[in-house]
Amino acid sequence: MEEGTVRKNTIFVGGVSEDVDEEALVELFSTFGDIVDVQLPSSATNPALAAEAKHRGFAFVTFTQALDAQDAIDNMDMNEYRGRVLKVNLAKPQKTPIQGAGNRAIWESEEWLQTYAKHSATRGGGNQADQQKTSKKDDDEEQVMEE
């Protein structure tokens, strides 16, 4: 499945106990239909350590049919599993960040600057030297036009 897209056949399962793994979720939810994918996001911030780390306490289960996903929601939401109450609902699409931004501020992106930033002289900002250069350039252009 592509980043940022969630179809109507993917459910969010919250309140997952630490001892639950992907196989246990497949076993639990396969009674509602065929499962395509199960994801248990790791709590590790370093991807190299993801295999050793615990999961974050929630999962995404993708069914082949949207009706199967709805059956799972209707039957499993607010039910107890391994000592924890599960919160099961339709997964929401992930918000996609600006491509390539990473942890940088959005105004560090050239694309953002070109779209939203205006030249500082046109807004009264910038330093005096820049404004003097701009006004001198404008005066030179006016003289050329007059000649």
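Anything mentioned here points back to the structure above.
Residues numbered from 1 in each chain as written. Predicted model: local features only at pLDDT ≥ 70, side-chain atom pairs only at ≥ 80, totals over all residues. Heavy atoms only, no water.

With respect to the overall build of the protein chain
Alright, step 1. Across its full length, the protein chain holds four helices and six strands.
Alright, step 2. Along the chain direction, N to C, the helices and strands of the protein chain fall in the order β-α-β-β-α-β-β-β-α-α.
Alright, step 3. Classification of the 147 residues of the protein chain by burial places 23% in the buried group.
Alright, step 4. When contacts within the protein chain are restricted to residue pairs at least 6 apart in sequence, those whose partners lie at least 24 apart make up 64%.
Alright, step 5. Within the structure as shown, the protein chain displays about 11,000 Å² of accessible surface, and the carbon and sulfur contribution to it stands at 48%. (Helix = DSSP H or I, 4+ residues; strand = E, 2+ residues; numbered from the N terminus. Buried < 20%, exposed > 50% of the residue type's maximum accessible area, 1.4 Å probe, protein only. Contact = heavy atoms within 4.5 Å. Areas by Shrake-Rupley, 256 points an atom, 1.4 Å probe, with all protein chains shown as cover.)

As for the pairing of strand S3 (residues 58-63)
Alright, step 1. Summarising burial for S3: five of the six residues are buried, a large majority.
Alright, step 2. Bridge count for strand S1 (residues 10-14) against S3 is five bridges, and the pairing is antiparallel. The partner of Val 13 across the bridge, within S3, is Ala 59.
Alright, step 3. Summarising the sheet, strand S2 (residues 35-39) and S3 pair through four bridges and their orientation is antiparallel. Bridge pairing in S3 places Gln 39 opposite Phe 60. (Pairing = 2+ DSSP bridges.)

Remarks on the side chain of Thr 10
Alright, step 1. Here Thr 10 shows up in strand S1.
Alright, step 2. For Thr 10, a relative accessible area of 1% puts it in the buried group.
Alright, step 3. At 3.1 Å, the side chain of Thr 10 and the side chain of Thr 62 are in polar contact. (Polar contact = N/O pair within 3.5 Å; in protein donor to acceptor, adjacent residues only side chain to side chain.)

Considering helix H2 (residues 66-76)
Alright, step 1. Of the positions making up H2, those classed as buried are Asp 68, Ala 69, Ala 72, Ile 73 and Met 76. Taken end-on, H2 shows its buried residues confined to a sector of 140°, consistent with a single buried face. Opposite the buried face of H2, by more than 90 degrees, sit the exposed residues Leu 67 and Asp 74.
Alright, step 2. The secondary structure elements touched by the buried residues of H2 are S1, helix H1 (22-29), S3 and strand S6 (87-90).
Alright, step 3. Positive phi appears at Met 78, one or two residues downstream of H2, with a value of about 70°. (Arc of directions from axis to C-beta.)

Brief notes about unusual backbone geometry
Alright, step 1. Here the phi dihedral of Met 78 falls at roughly 70°; this positive angle occurs in a residue that is not glycine.
Alright, step 2. Topologically, Met 78 is positioned in the loop between H2 and strand S4 (80-81).
Alright, step 3. With a phi angle near 55°, Arg 82 is a residue other than glycine that sits in the positive phi range.
Alright, step 4. Mapped onto the elements of the fold, Arg 82 is located in the loop between S4 and strand S5 (84-85).

Any functional reading would require information that these geometric values do not contain.
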